[in-house]
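A closer look at the structure
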Amino acid sequence: MGEDLALPRDELQFRSTLSGGPGGRHANATRTRVTVWFDLRRSRAFDPTTKARLAEALAGRLGQDGRLRVSCGRHRSQAANRREALGRLGQLLLRALAAPPPRRKATRPSRAARRRRLEEKRRRAEVKRGRRRPALDEAGE
């Protein structure tokens, strides 16, 4: 699966479906696309702390049932798609397990940066003011 990652096979569910796209008789009749589901909540492969970290990192990829889904239909053979789907699943989990990025320290803009921002703001306001239609009292009427 991954470099140091080994998931129990009984925790993975596989489903084969028809692949889309061109291909003629073979592609229209054989179920070559493979979808792999991995139930993170019920997995015995990770301790609760690691599961929580994975759930946070993969929040956008997890279904409502807590399962991670990976599909592959790129190859003509089901076995090749199965291998690639497992590889993608492993990569996803390894990336999610990598050290989280360091937290950003809140900083304040420097005095010079604030001054530049306000000067630019005044310039833009002046440009926009120049685009306005002159008022009646300014036009001399």
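Residues numbered from 1 in each chain as written. Predicted model: local features only at pLDDT ≥ 70, side-chain atom pairs only at ≥ 80, totals over all residues. Heavy atoms only, no water.

1. Digging into the overall build of the protein
Inclusion rule: For helices the rule is a DSSP run of H or I covering at least 4 residues; for strands it is a run of E covering at least 2, with both sets numbered from the N terminus onward. Relative accessibility decides the category of a residue: with a 1.4 Å probe and only protein chains considered, values under 20% of the type maximum give buried, values over 50% give exposed, and everything between is partly exposed. Throughout, a contact is declared for two residues whenever any of their heavy atoms are within 4.5 Å. Surface accessibility in these figures is a Shrake-Rupley result with a 1.4 Å probe; residues are shielded only by whichever protein chains are displayed.
When you go through the protein residue by residue, the secondary structure sums to four helices and three strands. Each helix (α) and strand (β) of the protein, taken in turn from the N terminus, gives the series β-α-β-α-β-α-α. When each of the 141 residues of the protein is scored for burial, the buried share is 25%. Across the protein, every contact between residues at least 6 apart in sequence was considered, and the portion connecting residues at least 24 apart equals 60%. Accessible surface computed for the protein: about 11,200 Å², of which carbon and sulfur atoms make up 49%.

2. Details of the confidence of the model for the protein
For clarity, the cut-off: As a per-residue quantity, pLDDT reports the predictor's confidence and falls between 0 and 100.
The pLDDT averaged across the protein works out to 85; a share of 89% of its residues lies at or above 70. The least confident element of the protein is helix α1 (residues 24–29), whose mean pLDDT is 68; the most confident is helix α4 (residues 111–131), at 97.

3. Thoughts on the packing of helix α2 (residues 48–57) against helix α3 (residues 78–97)
Worth spelling out the cut-off: A fitted line through C-alpha atoms represents every axis, and for helices the fit uses only the stretch in contact; the resulting angles, taken between N-to-C directions, go from 0 to 180 degrees. Note on angle classes: values under 35 degrees are labelled roughly parallel, values over 145 roughly antiparallel, values of 65 to 115 roughly perpendicular, and the remainder oblique. Three residue categories are used. Nonpolar comprises Ala, Val, Leu, Ile, Met, Phe, Trp, Tyr, Cys and Pro, charged comprises Asp, Glu, Lys and Arg, and polar comprises the others, including Gly.
Contact pair α2 / α3: the axes reach a minimum separation of 9 Å and the direction vectors enclose 105 degrees. When the interaxial angle is binned, α2 and α3 end up roughly perpendicular. Contacts from Thr-50, Arg-53, Leu-54 and Ala-57 in α2 reach Leu-93, Ala-96 and Leu-97 in α3. Considered class by class, the residues forming the contact of α2 with α3 number five nonpolar, one polar and one charged.

4. Thoughts on the nonpolar core
Our working definition: Put simply, a nonpolar core is a bunch of buried Ala, Val, Leu, Ile, Met, Phe, Trp, Tyr and Cys residues held in one set by side-chain atoms that sit within 4.5 Å of each other.
If you look at the biggest cluster of nonpolar residues, it comprises 19 residues, and the most contacted ones within it are Phe-38, Leu-89 and Leu-93. Ranked by the residues each element gives to this core, the list is headed by α3, at six residues.

5. A look at the environment of Ala-45
Along the chain, the position of Ala-45 falls in the loop between β2 (33–39) and α2. For the pair Ala-45 and Leu-5, spaced 40 residues apart in sequence, the C-alpha to C-alpha distance is 9.2 Å. Setting aside residues up to four positions removed in sequence, Ala-45 forms contacts with Ala-6, Leu-7, Pro-8 and Glu-11.

6. A look at the sheet that holds strand β1 (residues 12–17)
Rules: Paired strands, as defined in this entry, are two strands with at least two bridges between them according to DSSP.
Judged by pairing direction, the sheet is antiparallel, and its three strands sit side by side in the order β1-β2-β3 without closing on themselves. The two strands at the open ends of the sheet, each matched to only one other strand, are β1 and β3 (67–72). Taking the axes of each pair of neighbouring strands and ignoring which way they run, one obtains an average angle of 20 degrees across the sheet. Inspection of the sheet shows β1 paired to β2 by six bridges, in the antiparallel sense. Among the inter-strand pairings, Phe-14 is bridged to a residue of β2, identified as Val-36. Contacting β1, β2 and β3, α3 runs over the sheet at an angle of about 140 degrees to β3.

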